[in-house]
Structure formats: structure tokens, C-alpha cells
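Structural characterization, general
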Amino acid sequence: MLRLISFICLIPLLSQAQQSVNTKIEKVTLFLNGAYIERSAKILIANGKTELVFKGISPQIDKQSLQIKGEGKFTVLSVVHQLGNLLDKSKQEEITKIEVQKTLIEDKIKAEKNNLLVFKREEEMLLKNQVVGGTYAGMKANDLKESVEYQRIKMQEVLIKQLEFERNLRKLEEEIRKVNQQLTEINGSKEATMSEVLVTVSAKENISNAVFSISYFVQNAGWTPTYDFRVEKLTEPISITYKANVYQYSGEDWKDVKLSLSTANPRQNGVAPVLKNWSLGVKNDYSEYLNNINVPINEAVTEVRGKVIAKSDGNGLPGVSINIEGTSLGVQTDINGNYKINIPPNLSKKKVLVFSYVGFTTKEVNISSNILDVVMEDDTKSLSEVVVVGYGSEKEEMLQGRMAGISVRGNNSLKRSVLLEVNEKEAPTSQLFDILIPYSIPSDGKVYAVEIKEDEIPANYEHFCVPKIDLVVFLNAKIIDWEKYKLLEGEASLFVDGTYLGKSKLNLSNKDTLNLSFGRDKNVLLTRTKLKDFQKKQFIGSYKYEQRAYEISVRNTKNEAINLVVEDQFPISKIKEVIVEDKDAPEAEVNEETGKIIWKKKILPTKEQKFTFKYTVKSPKSGFVEVD
């Protein structure tokens, strides 16, 4: 007889025998966020009513997910989940009080963010309405002065209000951090780390070998996909190693379990959007849904955010890798150098963020605040002087107590582990990797790298540069039909000809072609020069004419040909009195709407290719227009 109970009874039956039961974790399905645990036990049930106490269960379980299965001639009367008996009533009341306080603070944070957003929008409106040089050529000096003064005063007011709300947010985020710390300290004590499931059963006779199984969902666990991409020659496919960084701090150790890695995320908002009535004149706003689409449910982490800038020029650095020290949990900065990272509250006692970027000195910063802005300095060493440990064999002592297939990845080395035997299969909305050997993950919050599979992927290689912004040529690889490889967004380590080039972010937003950037290729030299012989300025009537010309030179010092894409641009004018004319870019594709210029050339080994373009700007001589 098989019975399934998935409800929680609030009041257990009285006048019954009590029996402690120890269960073993048999299987764990690890999601991108959270894990589904399956336990089992064989027990003796006496005649009559018995209260079975299943102990040693994680306190992080989702009560709604708890299910009990029983096989035998007995009836399950009730199921109750509770924190361990050693966690007294006063501590439970304290936890409830702190959680209420946390909710109030989160509401205040949301209100302050909304206020900040309003003034950000006002700043954008002011910027769009700024007086542009040359636009008001006919405006009187006093009127122009008053307009500029008004803009300055309004902008100052808006920025002051933004600063006020940002300060309030920092204070509130600090309060959240303290509240999280309080909860961590209460739940972190050993006696408070486990919970119990009380199951009341009734049997008409003694049962010697009753089979029970318990399954439930826990929060503090997960895995993140990561990859090694290797290019040996531009005529060969890319070699990809698909890996998983697994971790858990649920309070219970997983010893020799059947482990499956699922690409699903049950803690993510899975509700489909619903169209609302849209009346003209009313903002068509779905920001609430869009802002929450990727927000994990019941996320128990501290959020840290900030901006990374270069010391040399003060500009934001895109693509900086930010990792939690001792783990592979991390993110990258966006195109403006901004980042946001979630820190598990009890991941480690000493929390440090490590900022790394090719060409800059690695920086370690203690997590002392929810807002951390970081300035990175240029690395004086050349790339060839940086020693990176490639794939190698692990020392025998590092494998003590660990299963084959686990390797720890530190900040300065990448170590390859033995590939696990994995059965890959598709679920209706996700991918599942069943690891076919028993696997162990302790509840220590540490991250363990597991290699899942290897593939050879055909790719088209292309060198790319925008010399106006950066005098560096980048190597890109384009992968067609990448969907069939079942890749997920994640961190990627890049290797070219056996040399570690740094990290990148696997971005799957482009549905047609997957573009991988293998970083800077120093074997392709690039210059961009303003041609003085073509730099002219002359006045005709009430207009002035300024001519500019540039030359871009690319030298391929490699021993193989490269396919090169060079981008630059003509200025475009949105002012009626200002006209860009005499545009010329031989052998280039020109987008007249955006002004973008694109050259595509194949450059043979040890050869140099030059590209030129020129233009003239016509504008009122009484105004000023930037023409470079």
C-alpha cells in the first residue's frame, strides 16, 4: 500500500508513542537556485498510534513542498514540520520579530528606489533639453544666459535629491545587512540548524519493515554553469568544456547521493505576463513585471552593488570579473562598469570580493557595505609575465574525502578534473544531467567545480576593432545553431593556443548567432591618424566649412590570414543649420542614418592594410560645433 501526504497538520494527535527515525538522503536534484531532496528509511511500527520523528532535516525547507510517502499496512494521520526542539520558543519569537522588521525595511527601500527613479527620469529630461552649441545661434546673449542658468539650477536640485535618496538607500541597505546578520547568527548556531518532521501513523498490527520516503525543496543550494573555450588554430573548431560550480549550505550534508543537475530554476518568477488595458495618454507601464522577472523568490542573500572605474581615466570598466573569494560565484560589470552581486549570508565568516580584469591589478575588497565602488590600476607587468597554471593533475591529498570529478578553482589557477560519467536528457522545459556515480557535497558553502561534458563546436573567426575608441584588435568567434548545444548564460574562461586570456560572459540574447570574444590579439597592430594635409577651415558668407580626414592602419604580424572588421563613423547632424557633406569612405559600407562606417577585409600574414575616410561640416560661423 502506497500513501502520499503533502499537507501540514497544525495540531499533532496526543496520547501516542513517539519514535525517532534517522533517514538517509538518497537523491538530490540540484537546480540553478535551490535543490529537491529525497530521503528514505525502513522502520518498525508498533500496533496502535505512533508519532514518528524524522530528525536531521534542513531548516531551510519549503513547507509547501514537503511530501511523505509510506508503504505498508498503516495509515498516515498527520504530518507536522517544526524547528528542532533545541530551538526554544523565545528564539522562534525573535526570528518572527526580525522577519517583520526586515519586511518593513524592504518596503522603505522599494519606496526610496521609486523616488530615485523619478528624479533620474527628470535628469534625463533635463539632459535632452540642454542648450546645444550651434542650435541657438540667433538667441540673444541674455536669453541664452538665463536659459543656461535655469538648466544649471534645476540640474543641481535634481542631483541633490538623487544624492539624498541614495544616502537613504545606503542606510536602509545597511539595516537590511544587520537584520540578515541577526537571522544568520540565530539560525547559524549548531543547535538551531536542524528541523524535524513529525508523522503520526496508525497500525492494526506490528510492521517490521515499513518503508518511508520524505521529499522537500531547500533554498540555500544551487549551481552555476561555467565554460572553458579553447582555440588552437583559426581553421579548427572551438573546444568547449561544460562545467558546473555546485554549492550548498542548507544545514545538511549530502553524502554519496544520486545527484542530478537541472537547468530549471523553481525559485524564479514563473508567472506569464498579462496584458492590461492601455488608454492613450496613460503610460503603458509593465516595469513591475519586468523588474521581477528574474528576481528569485524568497532570496536570503545580501546584495552588493557599485561601479568599477579605471584610475587612469576615470571611465567605467566593462567586463570586470567580480568573484566571492574562495568560490566561483561571481558576476561581471556591464558596459558602463556597474555591477550587482548577491552574497549568501552564511557563505563564510570573512567575506571578500575579488575584482580582476586583464591588464589591471587584481583587487580584493572587504564587503563592508552594500555599496562598493572600486578603482582599478593598470598592471605594470605585461601579459607574458603573468603566470597562469593551465590544466594539470591534482595532488593526491586534495582528493582526500572528495569524489573523482571535483576540483577547486582558486583565483590564480584553473585545474582540470576527471570528467564524470553523466547521462544527459531533456525535460519538458529544461535540461537534466544525471551524474552516474555517488556524489558528496558538504553543507559548507564552498564551491566545487564539476566537469559535465566536452564538445567540439564549428565556428567562424573574425577580428574586430573600433580604433576611434580603442587601438586594440579583438578576436571574435561566431557560432551558428548554438541552441543545439544546450548552453546557458554563465562565466567563460578563454584560452588561445594554450594561453589563458581571461574571462568573458556567455551572452545568449542573440537568437541567431552566438558571439564569443577571445579578447585582445596583440599580434595585430592598429593605428588611427588624423591627416593634417586634409584638415581645413574656411568661411564663405555666413557659414564656415571644416574638413577632416583620418587614416586607419592595420598590420597582421601573425603567420595566418585574418578576417578583419573595422568600424568608425561619420558625424550626423540633428540641427537644421549644421550639415555634414562630402563624405567619402572608399570600399566601406556606410549607414546614412547612423553614420556608421564598416570595412571588411581579409589581411594576409605579415601584410598591412590602410583605410581612409573624410567629411566636411558646414555650420553657422557665429556658433560652435565639435567636428572631431
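The following refers to the structure shown.

Section: the overall build of the protein chain
Summing up its helical and strand segments, the protein chain has three helices and 37 strands in all. By sequence separation, contacts in the protein chain at least 24 residues apart represent 73% of the contacts at least 6 residues apart.

Thoughts on the sheet that holds strand S29 (residues 513–520)
The strand order S29-S26-S25-S33-S36-S35 describes an open sheet built from six strands, whose pairing is mixed. The strands lining the two open edges of the sheet, one partner per strand, are S29 and strand S35 (589–590). With two bridges joining them, S35 and strand S36 (residues 596–603) adopt antiparallel strand pairing. By the bridge assignment, valine 590 is partnered in S36 with isoleucine 597.

Quick word on the sheet that holds strand S15 (residues 330–332)
In a beta sheet, neighbouring strands pair by backbone hydrogen bonds and run either parallel or antiparallel. The strand order across the open sheet formed by four strands is S15-S14-S17-S18, and the pairing between neighbours is antiparallel. Strands with a single pairing partner mark the edges of an open sheet, and in this sheet they are S15 and strand S18 (363–366). With strand direction ignored, the average angle separating the axes of adjacent strands in the sheet is 20 degrees. Summarising the sheet, strand S14 (residues 321–324) and strand S17 (residues 352–356) pair through four bridges and their orientation is antiparallel. Across the sheet, the residue bridging to isoleucine 322 is phenylalanine 355, located in S17.

Examining the environment of histidine 463
Tracing the backbone through its elements, the reader meets histidine 463 in strand S25 (residues 460–465). Sequence-wise, histidine 463 and arginine 520 are 57 residues apart; in three dimensions their C-alpha atoms are separated by 9.4 Å. Discounting residues that sit within four places of it in the chain, histidine 463 has contacts with Leu234, Val473, Phe474, Leu475, Asp521, Val524, Lys558, Ile562, Asn563, Leu564 and Val565.

So, the packing of aromatic side chains
Applying the stated criterion across every chain, the model contains 15 aromatic pairs. Aromatic side chains phenylalanine 495 and tyrosine 500 sit 5.5 Å apart centroid to centroid with 50 degrees between the ring planes, which places their arrangement in the tilted category. Overall, the relative accessible area of 3% leaves phenylalanine 495 in the buried class. Over the ring of phenylalanine 495 we find arginine 230; its NZ or CZ atom is 3.9 Å from the centre of that ring. Cation over ring: lysine 618 sits above tyrosine 543, and NZ or CZ is 4.5 Å from the ring centre.

A closer look at the pairing of strand S28 (residues 499–506)
Here seven bridges tie strand S27 (residues 490–496) to S28, and the two strands are oriented antiparallel to one another. Residue pairing across strands places valine 496 opposite threonine 499, the latter belonging to S28. If you look at the hairpin formed by S27 and S28, you'll find two residues sitting between the two strands, and aspartate 497 has a positive phi there, around 55 degrees.

Focus on a negative patch on the surface
Judged by side-chain charge, Glu232, Glu236, Glu456 and Asp497 come together as a negatively charged surface patch. You can see glutamate 456 is positioned in strand S24 (residues 448–457). The exposure class of glutamate 456 is exposed, given its relative accessible area of 51%.

Considerations on the environment of valine 320
Among the structural elements, valine 320 can be located in the loop between strand S13 (302–310) and S14. Valine 320 gets classed as buried once you look at its relative accessible area, which sits at 0%. In this structure the C-alpha to C-alpha distance between valine 320 and phenylalanine 355, which are 35 residues apart in sequence, comes to 6.7 Å. Other than its neighbours up to four places away in sequence, valine 320 contacts Val308, Val331, Gln332, Thr333, Phe355, Ser356, Tyr357 and Met376.

A short note on the side chain of aspartate 521
Turning to its location among the elements, aspartate 521 is positioned in the loop between S29 and strand S30 (524–530). There is a polar contact of 2.9 Å between the side chain of aspartate 521 and the side chain of histidine 463. Look past the residues within four positions of aspartate 521 in its chain and what remains in contact with it is His463, Val473 and Lys558.

Overview of unusual backbone geometry
Residue aspartate 582 is not a glycine yet carries a positive backbone phi of 55 degrees. Here aspartate 582 lies in strand S34 (residues 579–584). Assessed through its relative accessible area of 52%, aspartate 582 is described here as exposed. Positive phi, normally seen in glycine, also occurs at threonine 606, with a value near 60 degrees.

Criteria and cut-off values
- Within every chain, residues take consecutive numbers counted from 1 along the sequence as written.
- Note on the predicted model: pLDDT of at least 70 is required for a residue's local features to be given, and 80 or more for side-chain atom pairs to be given and counted; whole-chain, interface and lining totals, by contrast, use all residues.
- In computing side-chain properties, one takes all heavy atoms of the structure into account and sets aside hydrogens as well as water.
- Helix numbering and strand numbering both begin at the N terminus, where a helix is a DSSP run of H or I of at least 4 residues and a strand a DSSP run of E of at least 2.
- When checking whether two residues touch, look at their non-hydrogen atoms; a contact exists if any pair is within 4.5 Å.
- Strand pairing is assigned whenever DSSP identifies at least 2 bridges connecting the two strands.
- All axes are obtained by fitting lines to C-alpha atoms, using only the stretch in contact for helices, and the reported angles, taken between N-to-C directions, cover 0 to 180 degrees.
- Pairs were defined over the aromatic rings of Phe, Tyr and Trp, the Trp ring being its six-membered one, requiring ring centres within 6.5 Å. Orientation was assigned from the angle between planes: stacked under 30 degrees, edge-to-face over 60, tilted for the rest.
- Relative accessibility thresholds used throughout: buried, under 20% of the residue-type maximum; exposed, over 50%; partly exposed, between the two (1.4 Å probe, protein chains only).
- Lysine NZ or arginine CZ positioned within 6 Å of the ring centre and within 35 degrees of the ring normal marks a charge as sitting over the ring.
- Residues form patches when they are more than 30% accessible in relative terms and have no salt bridge. Like charges link within 9 Å. Nonpolar side chains (Val, Leu, Ile, Met, Phe, Trp, Tyr) link within 5 Å.
- Residue burial considers only the protein chains on display, and all accessible areas are found by Shrake-Rupley using a 1.4 Å probe.
- Salt bridges are defined as contacts in which a side-chain nitrogen from Lys or Arg sits within 4 Å of a carboxyl oxygen from Asp or Glu.
- Think of it this way: Lys and Arg go in the positive column, Asp and Glu in the negative one, and His and the chain ends go nowhere.
- Each charge is placed at NZ for Lys, CZ for Arg, CG for Asp and CD for Glu.
- Definition of a polar contact: a pair of N or O atoms within 3.5 Å, with one able to donate and the other able to accept a hydrogen when the atoms are protein atoms, and with sequence-neighbouring residues admitted only if both atoms are side-chain atoms.

Function-wise, these values are silent; they only describe arrangement.
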